[in-house]
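# Understanding the architecture of this molecule
Residues per chain, in single letters:
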Amino acid sequence: MKQRITYIVQDPDSFSPEQLVVKGSSLTLNRVQAAKEQRITVGLDELPSELKKAFEQWHELHIRWASSSPYPATPPFTSRVTPGLHVFFTPHKDQPEGDLCRLLHSVFGSELKCASMSEASTKMPILSERFSMSTTSQYYSHLESLSTLVGFIQHKVCKSKACRQAAEALLSAAYVDIDYDAISHALVLNAFGATGPTTGYWDETISFESEAHSTEVGVLTHEKNPDPEDIGFGGFLTVLGQDQAPKPTRFQTPTRHYPLSSAAANYKTSFAHPTGLHPTLSLAFPSSHLTPPDSTCKLHAYFTLPSYVFLDKYQFNDALYLASHNLKRLRSIAGATDLEAPDWVTSQWGSAALFELAIPKSSETQNAQPEWNVTIPLHLRYLPAADNSHTAVPVPWPVVFWACRAEQGTKMSVNPFDRLHLGYEALFGPKTRFMHIPPIGGGNGTGGLVEWINVPVLDLRKSQWVELGTIGTVIVAFLGLCWAIFGGGKGKAKKESAKQKKKQ
Amino acid sequence: MAAFSSFFSSSRTVLSAAIALRATFLLYGLFQDAYSPIKYTDIDYFVFTDAARFIARGQSPYARDTYRYTPLLAWLLYPTTWSGLWFSFGKVLFAVGDIIAGWMMFRILRVHQGLSQERALKYASIWLLNPMVATISTRGSSEGLLGVFVTALLWAVLSRRILLTGFLLGFAVHFKIYPFIYAASIVWWLDDGSKSSPSASPVARAMKFINPQRIGVAVSSFLTFMGLNVIMYIAYGWPFLEHSYFYHLVRIDHRHNFSPYNTLLYMNSSPKVPGENHASFSELERMAFIPQILLSAIIIPLMLAKKDLSSTMLAQTWVFVTFNKVCTSQYFLWYIMFLPYYLPGSILMRSPRVGVSLLVLWIVGQAGWLQQGFQLEFNGESTFVPGLWAWSIIFFIINCSILGVVIRDIREGKAASRGVKK
């Protein structure tokens, strides 16, 4: 087992080396204002046999969970995924797939819509074949909290109190990644916290546990980069039980997710009300901060849409239609795209779509409206009848980023903080740099990065007469028509027509 | 009034007006499509032309989602895959089909129902000059094309072109399934004219029923239908059967439509909350095809076809659409195309009070339903019950009442009295 803890101090001026104290084999941080990434690497043999077996069934498995609360990103941790639980995986060739749904249910919660992974997952589209890093399959579910995961780790994995405390800390993480692949035969758990637990500071002591449990702690500040495609850091590294004092360090690395220079750029997601059965999702940007960081950069939004909401790809073929929504094109769509099926016959988790967005023309930015709106017309599937008139469903915000050409694509993986398998990289070439635009909190009532919409459903409290009424009406109408065809209507009709003639 | 009547005295002016109407709509459509993000062209037209493009690339038309038609349609639209204005070829084809159908209606009214030139043109104008019909075909919906096949079918039967009748019947069923209901009425209508004596033995009567014309229609329609299916199956395999036939039999599309069964289907197919028991009449809605098929394909043809074939086909189609499990407004076109034959001698025309009130009811029924549908679709109000359900039942009752009037008219032979019967 290996542990790497990295603190990135947000404001270099607020930090001095005196805030780090090495005492024996432990390191104490005093009021360090920083983002924190904790990466734990566990050999598969160190896990309970139940888990070990579950993981061994996969060629690779990457789980990404992101909180629905907005958080500030600190370089190099600027990559983002849509809030909720994402699973990207590749099964072994020529082997039956394991029961991934059962694993997810016991680890993340039984409410996940996942009966069988072969039916619930969707195939990943690969636009760039040279990019061989991608998994074959994808799954997503809305998941508000990691409390089930924390309970699972505490009861099934932890042997020490420190472990249980560390698990508890996952509850305040902004995102958590879990990676396994058959080649390294190791499980990597990576948790990112954007700020310290209380008042934004970290006041904690990290202790050396054993030789088999190496721990390296880095406290770094972001330094203005010397190379346009690199990011640089300076700070202190401490290997617990080995170093008597923090060792100064300085390094630079190419990075796949590059910080955005314009700090004021952001976006907000909302739905036009009433949402009806065809909700229109809207992305609002302050127009003045929507200039491409580089001439090769194009603005994209990546949507993860649960099965009850979908988009009709055929709507996005027309240039005028796209332009009226400030869209450039629908670059990719995969998953449950059936245009007619109700939600209860859709076994797949949903669909993922990548749009290229239009940006205001540079001549417009000066005197145009302060807000730039991009709209995406969506459609809702019918949801099951319920003892209510509406069913509320969550729709997570998309992630929005500039995708730019990079000169040194292959070297990006040497970055010790490189983060892969976010769903959208495979839709770009390997030489692509991503510059994320941060979402700013909003959300209808939740303050978070998830919109809830009310879907009208058949209200079972009012439907008791539907069955009898429908069948009764059809039978009466059938008999009535039979009577018109066979019955005594003729005599009466003759009389009536005689009357008619008299009148005329 | 004089100008009005002189307009309808010349088939050339009516046809020119019909062509001008469609040409205007076509050009307007090109204009709207070019300058507005909201398209004039029907969504289905993009489905057909996408399917044609797949065919042009040597692929299956079923590679296009929601293409649920015979591959013949995609082949017919092959020229739309050529560049430029050729994209509108299909709309022109549908509009030309529309006009040919209208012209055939005029000929049927003139020749087989003995109407004067002017009256025949007036009634054919229900189709020829109907803006709804012109809109549907110029927007690129294939319902207009169906009109030409079904009208040609009626014309072929009335002029006793037996092999052509069989061919058109087989083709129409291959194209859209529902015209199979006309088989019984056509076969029943094709007697040899002489009454069988009541004393004849059952065997003799059966022998008399099986006349050469009936055999001709049965054999030629069956061969056409099966021939086309075999060819399409060989060319496109299982997806052909799945999408153009089985889909229509097992579809689980519960999105709101005019059918009286719609709410019930939504309710009974949606998963039940475990442990809760909703009293159900053991899914009786599965039996919905029984009244529909009994009336439209058996009872109405056998009881009425010999009195007036074209009006009987109107009643059959109207029943089929009204009792169907799925019903959208384009299905109304299926029976509207038979109205010109029925209306001239009908009570609806003889008594304007009856005619106008039934027309108003028919429109009110749709308007009430559409208003509820709008509240659901765009305002997100849960109008499934009672709103949408009640209006679909009301609209159903209105349709059945009109049908009652139509059927009584046919029984009374009002249709026969208005012209020569063959």
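For clarity, every value in this text was computed on a predicted model and none was experimentally measured.

Criteria and cut-off values
Residues numbered from 1 in each chain as written. Chains lettered and ligands numbered in written order. Predicted model: local features only at pLDDT ≥ 70, side-chain atom pairs only at ≥ 80, totals over all residues. Heavy atoms only, no water. Helix = DSSP H or I, 4+ residues; strand = E, 2+ residues; numbered from the N terminus. Buried < 20%, exposed > 50% of the residue type's maximum accessible area, 1.4 Å probe, protein only. Areas by Shrake-Rupley, 256 points an atom, 1.4 Å probe, with all protein chains shown as cover. Lys, Arg positive; Asp, Glu negative; His and termini not counted. Charge placed at Lys NZ, Arg CZ, Asp CG, Glu CD. Domains from an automatic or database assignment. Contact = heavy atoms within 4.5 Å. Salt bridge = Lys/Arg side-chain N within 4 Å of Asp/Glu carboxyl O. Pairing = 2+ DSSP bridges. Axes fitted to C-alpha atoms, helices over the stretch in contact; angles between N-to-C directions. Core = buried A, V, L, I, M, F, W, Y, C linked by side-chain atoms within 4.5 Å. UniProt positions renumbered as here; feature names shortened; annotations may be inferred. Disulfide = S-S within 2.5 Å. Buried area = accessible area lost by both parts, 1.4 Å probe. Polar contact = N/O pair within 3.5 Å; in protein donor to acceptor, adjacent residues only side chain to side chain. Nonpolar A, V, L, I, M, F, W, Y, C, P; charged D, E, K, R; others polar. pLDDT = per-residue confidence, 0-100.

### Section: the overall build of chain A
What chain A contains, in helices and strands, is 9 helices and 25 strands. Projected onto the principal axes, the alpha-carbon positions of chain A cover approximately 120 × 60 × 45 Å. Buried positions account for 55% of the 504 residues belonging to chain A. Of the roughly 22,000 Å² of accessible surface on chain A, a fraction of 53% belongs to carbon and sulfur atoms. Averaging the coordinates of the 46 positive side-chain charges in chain A and doing the same for the 47 negative ones gives two points 11 Å apart.

### Comments concerning the domain arrangement of chain A
All names here are of chain A. By the assigned domains, chain A splits into domain 1 (2-256) and domain 2 (268-405 + 418-456). Computed from C-alpha coordinates alone, the two centres of domain 1 and domain 2 are separated by 27 Å. Each partner contributes to the interface: domain 1 provides 41 residues, whereas domain 2 provides 47 residues. As a salt-bridge pair, D343 and K113 come within 3.8 Å of each other at their nearest N and O atoms.

### Points about the sheet that holds strand β18 (residues 327-335) of chain A
All names here are of chain A. Reading across from one edge, β18-β19-β16-β23-β24 is the order of the 5 strands in this open sheet, with antiparallel pairing throughout. Strands at the two margins of the open sheet, each flanked by one partner only, are β18 and β24 (432-437). The mean inter-strand angle of the sheet, taken between neighbouring strand axes irrespective of direction, is 25°. Relative to β24, strand β23 (residues 399-405) runs antiparallel, the two being bridged by 6 bridges. In the strand pairing of β24, V400 is matched with I437.

### Some thoughts on the nonpolar core
Taken as a class, soluble globular proteins show a tendency for nonpolar side chains to be buried jointly. If you look at the biggest cluster of nonpolar residues, it comprises 246 residues, and the most contacted ones within it are F108, L283, F285, F355 and I437 of chain A together with Y182 of chain B. When residues in this core are grouped by element, the largest group, 15 residues, is from helix α21 (residues 384-411) of chain B. Setting aside chain neighbours within four positions, we find Y182 of chain B in contact with V150, L153, L169, M313, Q316, T317 and F338 of chain B. L29, V32, V217 and L240 of chain A belong to the second largest nonpolar core, which has 16 residues in total.

### So, the UniProt feature "transmembrane region" (unreviewed entry) in chain A
Per the UniProt record, "transmembrane region" (unreviewed entry) is annotated on residues 465-486 of chain A. Between the end C-alpha atoms of residues 465-486 of chain A there is a gap of 31 Å, over a span that is 95% helix and 0% strand.

### Comments concerning the state of the cysteines
Summed over the entire model, instances satisfying the criterion amount to 3 disulfides over all chains. With a sulfur-sulfur separation of 1.9 Å, C101 of chain A is cross-linked through a disulfide to C114 of chain A. The sign of the -70° torsion about the S-S bond sets the C101 of chain A-C114 of chain A disulfide as left-handed. With C101 of chain A in helix α2 (residues 100-108) and C114 of chain A in the loop between α2 and α3 (117-120), this pair connects stretches of sequence that are 13 residues apart. The two residues C101 of chain A and C114 of chain A agree in class, both being buried. Sequence-ordered numbering of the bonded cysteines in chain A gives a disulfide pattern of 1-2, 3-4, 5-6. With no disulfide of its own, C482 of chain A lies closest to C400 of chain B among cysteine sulfurs, the gap being 11 Å. When its relative accessible area of 13% is taken as the criterion, C482 of chain A is described as buried. When its relative accessible area of 9% is taken as the criterion, C400 of chain B is described as buried.

### Things to note about the pattern of salt bridges
Applying the stated rule across the entire model yields 25 salt bridges over all chains. With its nearest N and O atoms 3.9 Å apart, the salt bridge here joins R39 of chain A to E37 of chain A. What makes E37 of chain A buried here is its relative accessible area of 1%. A salt bridge links E118 of chain B to K122 of chain B; its shortest N-O distance comes to 3.4 Å. Pair noted here: E118 of chain B and K122 of chain B are both in helix α6 (residues 117-128), with a separation of 4 residues, about one helical turn. Residue classification places K122 of chain B among the partly exposed positions, given a relative accessible area of 32%.

### Points about the domain arrangement of chain B
Residues and elements named next belong to chain B. Examined at the domain level, chain B breaks down into domain 1 (142-249) and domain 2 (253-269 + 282-412). Each side of the interface is counted separately: domain 1 has 22 residues, and domain 2 has 20 residues. Taking both partners together, domain 1 and domain 2 bury about 1,900 Å²; carbon and sulfur atoms supply 75% of that area. Remark: the boundary between domain 1 and domain 2 carries 0 salt bridges. The tally of links between domain 1 and domain 2 comes to 5 residue pairs in polar contact (both at pLDDT 80 or more). At the level of secondary structure, the elements contributing two or more residues to the side of domain 1 that touches domain 2 comprise α8 (143-158) and α10 (182-189). In terms of residue count, α8 provides more of the side of domain 1 that touches domain 2 than any other element does, 10 residues in total. For the side of domain 1 that touches domain 2, a count of residues per class yields 14 nonpolar, 4 polar and 4 charged.

### Remarks on the confidence of the model for chain B
All names here are of chain B. Mean pLDDT over chain B stands at 86; residues scoring 70 or higher make up 91%. Averaged pLDDT values for the elements of chain B fall to 70 in helix α1 (residues 2-9) and rise to 94 in helix α16 (residues 309-322). When the criterion is pLDDT under 50, residues 274-279 qualifies, and its contacts beyond four places in sequence or with other chains add up to 4 contacts. Every residue in residues 416-422 scores below 50 in pLDDT, and together they form 18 contacts with partners more than four places removed in sequence or on other chains. In the predicted complex, the global pTM is 0.88; the interface-specific ipTM is 0.88.

### Describing the interface of chain A and chain B
Interfaces are often sized by the amount of accessible area the parts lose when they come together. The interface is formed by 56 residues belonging to chain A together with 69 residues belonging to chain B. The contact between chain A and chain B buries some 5,300 Å² in all, and 67% of this surface belongs to carbon and sulfur atoms. If you look at where chain A meets chain B, you find 3 salt bridges. In this structure, D318 of chain A engages K39 of chain B in a salt bridge whose closest nitrogen and oxygen atoms are separated by 2.8 Å. Linking chain A to chain B there are 17 residue pairs in polar contact (both at pLDDT 80 or more). The biggest single contributor to the side of chain A that touches chain B is helix α8 (residues 466-486) of chain A, with 16 residues. Here the side of chain A that touches chain B is composed, by residue class, of 31 nonpolar, 14 polar and 11 charged.

### Looking at unusual backbone geometry
The omega torsion of the bond from H273 of chain A to P274 of chain A falls at 0°, within 30 degrees of zero and hence cis. Position of P274 of chain A among the secondary structure elements: in the loop between β14 (268-271) and β15 (280-286). Following V385 of chain B, the chain continues into P386 of chain B via a peptide bond in cis, with omega recorded as -5°. Inspection of the secondary structure assignment puts P386 of chain B in helix α21. Despite not being glycine, H185 of chain A shows a phi value in the positive range, around 55°. For H185 of chain A, the location among the structural elements is in the loop between β8 (175-181) and β9 (186-193). Positive phi is not limited to glycine here, since I177 of chain B has a value of about 60°. Examined against the element boundaries, I177 of chain B turns out to sit in the loop between α9 (162-176) and α10.

### Focus on the UniProt feature "transmembrane region" (unreviewed entry) in chain B
All names here are of chain B. Within this structure's numbering, the places UniProt gives as "transmembrane region" (unreviewed entry) are residues 12-31, 85-106, 127-156, 162-190, 215-236, 287-305, 317-343 and 388-407. Between the end C-alpha atoms of residues 12-31 the distance is 28 Å, and the span holds 100% helix and 0% strand. In residues 85-106, helix accounts for 82% and strand for 0%; the two terminal C-alpha atoms are 31 Å from one another.

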